[in-house]
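# Overview (structure and organization)
Next come the chains, spelled out residue by residue.
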Amino acid sequence: MKLIDLVYTLFLLVLTFDPTGYYTSSLKIILFIILTIYGIFKSSNRKILRINFVIILSMVLLPVFSVMYADIIGTLRDLDYALSHIMSMLFVFLFVYLNTMDLNVLLKIIWFNGLVLSIITLILLSFSIFIDFSAIYSLVTINPNFMMAVDREFLGIPINGLYFRSGPFIMFSFVYHLYRYHGPFKLIISIFMYLALAFSGS
């Protein structure tokens with residue numbers, strides 16, 4: 001695995017655990033810029049690079065023109081929300097970097113991301129059930145876009161449910177793990193991912 005792949009791994013973890021950038025906005029932007037610049041200079045197929053930029057420009061310019069048109073006809077209600085939507089579309093620039101990645105490396109990074117998410121989900125869930133649910137709940141109330149804390153039932157047993165908003169991504173890692181992973185501790189990791197999905201309600 002190359003250094004740039006480690007950068008993407010960190011970027012994916014940041015997106016997973018802090019999708020709105022509440023805690024890591026600056027780090028997310030820096031990693032995004034590094035990946036985009038690398039992708040532009042590393043792309044070997046100029047035709048594909050041009051196609052990527054056509055896709056990128058269409059996805060970015062369309063909401064820009066929509067905001068401009070809404071402003072002209074007087075239907076624009078919330079400029080800050082409109083601009084935040086445009087900013088979120090800028091992540092399509094990752095098309096350029098992803099085009100340079102080896103598919104097997106990408107799948108392994110997604111698997112690792114899901115494994116980390118599974119372990120942290122189970123740790124926080126165990127802490128909330130056996131030690132102090134109020135401490136976890138207070139963390140959720142600070143930034144509800146980070147994760148959710150709700151009451152759930154598992155096999156008819158009520159438990160304190162806790163999961164990250166991006167928790168369903170564990171499913172992609174779980175599928176890869178079951179059918180493509182051939183490393184050590186396969187059974188243990190399978191149990192971790194299964195429990196994270198089951199107990200979190202993802």
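What comes next concerns the included structure.

Basis of the calculations
- Residues numbered from 1 in each chain as written.
- Predicted model: local features only at pLDDT ≥ 70, side-chain atom pairs only at ≥ 80, totals over all residues.
- Heavy atoms only, no water.
- Helix = DSSP H or I, 4+ residues; strand = E, 2+ residues; numbered from the N terminus.
- Buried < 20%, exposed > 50% of the residue type's maximum accessible area, 1.4 Å probe, protein only.
- Contact = heavy atoms within 4.5 Å.
- Areas by Shrake-Rupley, 256 points an atom, 1.4 Å probe, with all protein chains shown as cover.
- Phe/Tyr/Trp six-rings, centres within 6.5 Å; stacked < 30°, edge-to-face > 60°.
- Arc of directions from axis to C-beta.
- Patch = residues over 30% accessible without salt bridge, like charges linked within 9 Å, V, L, I, M, F, W, Y side chains within 5 Å.
- Salt bridge = Lys/Arg side-chain N within 4 Å of Asp/Glu carboxyl O.

### Brief notes about the overall build of the protein chain
Summing up its helical and strand segments, the protein chain has 9 helices and 2 strands in all. For the protein chain, buried positions account for 37% of its 202 residues. A sequence separation of at least 24 residues applies to 65% of the contacts in the protein chain between residues at least 6 apart. When the accessible area of the protein chain is evaluated, it comes to approximately 12,200 Å², of which 72% is carbon and sulfur surface.

### Quick notes on the packing of aromatic side chains
Across all of its chains, the model carries 4 aromatic pairs by this definition. Centre to centre, the rings of Tyr8 and Phe11 are 6.5 Å apart; their planes meet at 35 degrees, and the pair counts as tilted. Of the two residues, Tyr8 and Phe11 both sit in helix α1 (residues 3-17), 3 residues apart, roughly one turn of that helix. On the basis of relative accessibility, which here comes to 8%, the residue Tyr8 falls in the buried class. Both rings, one in Trp111 and one in Tyr181, keep their centres 4.8 Å apart while their planes meet at 15 degrees; by these two values the pair is stacked. Taken together, the residues span a long stretch of sequence, with Trp111 in helix α6 (residues 103-130) and Tyr181 in the loop between α8 (170-179) and α9 (186-200) at a distance of 70 residues. Across the pair, exposure class does not vary: Trp111 and Tyr181 are buried alike.

### Notes on helix α4 (residues 79-89)
Because an α-helix packs 3.6 residues into every turn, residues spaced three or four apart end up facing the same way. Those residues of α4 that fall on the buried side of the exposure criterion are Ala82, Ile86 and Met89. Along the long axis of α4, the arc covered by the buried residues comes to 55 degrees, so they all point the same way. Structural note: α4 exposes Asp80, Tyr81 and Met87 on the side pointing more than 90 degrees away from its buried face.

### Some thoughts on α8
Turning to α8, its buried residues number three or more, namely Ile170, Ser173, Phe174, Tyr176 and His177. Buried residues of α8 fall within an arc of 165 degrees about the axis and therefore sit on the same side. In α8, the exposed residues that point more than 90 degrees away from the buried face are Phe172 and Tyr179.

### With respect to the environment of Val116
Relative to the assigned elements, Val116 resides in helix α6. Considered as a pair, Val116 and Ile170 are 54 residues apart in the sequence and their alpha carbons are 9.3 Å apart. Those residues in contact with Val116, other than ones at most four positions away along the chain, are Leu13 and Phe17.

### A word on the environment of Met87
Here Met87 is to be found in helix α4. For the pair formed by Met87 and Pro63, sequence separation is 24 residues and the distance between their alpha carbons is 9.9 Å.

### Quick notes on a nonpolar patch on the surface
Where nonpolar side chains cluster on the molecular surface, the patch consists of Ile119, Ile123, Phe185, Ile188 and Phe192 and spans about 480 Å² of accessible area. Listing elements by their share of the nonpolar patch, those giving two or more residues are α6 and α9. Note on placement: Ile119 falls in helix α6.

### Notes on the environment of Ile30
Topologically, Ile30 is positioned in helix α2 (residues 25-42). Assessed through its relative accessible area of 49%, Ile30 is described here as partly exposed. The spatial distance from the C-alpha of Ile30 to the C-alpha of Phe11 is 9.3 Å, given a sequence separation of 19 residues.

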